[in-house]
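Letter by letter, the chains look like this.
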Amino acid sequence: QVQSVESGGGLVQAGGSLRLSCAASGRIHSIDYMAWFRQAPGNQRELVAGITAHGVTDYAVSVKGRFIISRDNANNMVDLQMNSLKPEDTAAYYCNTRGLTTRGVPFDSWGQGTQVTVSS
């Protein structure tokens, strides 16, 4: 019903920047929450940053001050600007969107993931 598609991953040197984007599409009535998670090999998936429909944000302690999440409500998009990247930021990054479909059914949509690799 609802798809989330990420773009923008890649390879970057430590200290560099990358910008991830995610577009949600389908039978969307409203999106309450949009977020980025990441998962490194052998680790659990963890929240990186989230943003509500009203622009309230939350960040993992490890990325606070370096990453910025933003959303475009008109186009159902969420971006993650990642600055001062560190090798420990290397992971697959996943977009997550939650809201209501046009039929009033709650949805919780995950993207396929985009790889971010930070070299030292």
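Located above this text is the structure these notes cover.
Model, not experiment: these values are computed from the prediction.

Caption draft 1: The arrangement of the overall build of the protein in detail. Of regular secondary structure, the protein possesses zero helices and 11 strands. The linear arrangement of helices and strands in the protein, starting from the amino end, is β-β-β-β-β-β-β-β-β-β-β. Dimensions of the protein, computed from C-alpha atoms along their principal axes, come out at roughly 50 × 25 × 20 Å. Evaluated residue by residue, the protein yields a buried proportion of 42% over its 120 residues. Only carbon and sulfur atoms are counted for the fraction: they give 50% of the accessible area of the protein, which is about 6,300 Å².

Caption draft 2: Representation of unusual backbone geometry. In this model, N76 sits at a positive phi of 55°, which is unusual for a non-glycine residue. Secondary-structure assignment places N76 in the loop between β7 (67–72) and β8 (77–82). The partly exposed category is assigned to N76, whose relative accessible area is 22%. Here the phi dihedral of S84 falls at roughly 50°; this positive angle occurs in a residue that is not glycine. Of note, S84 is situated in the loop between β8 and β9 (91–101).

Procedures and definitions
Residues numbered from 1 in each chain as written. Predicted model: local features only at pLDDT ≥ 70, side-chain atom pairs only at ≥ 80, totals over all residues. Heavy atoms only, no water. Helix = DSSP H or I, 4+ residues; strand = E, 2+ residues; numbered from the N terminus. Buried < 20%, exposed > 50% of the residue type's maximum accessible area, 1.4 Å probe, protein only. Areas by Shrake-Rupley, 256 points an atom, 1.4 Å probe, with all protein chains shown as cover.

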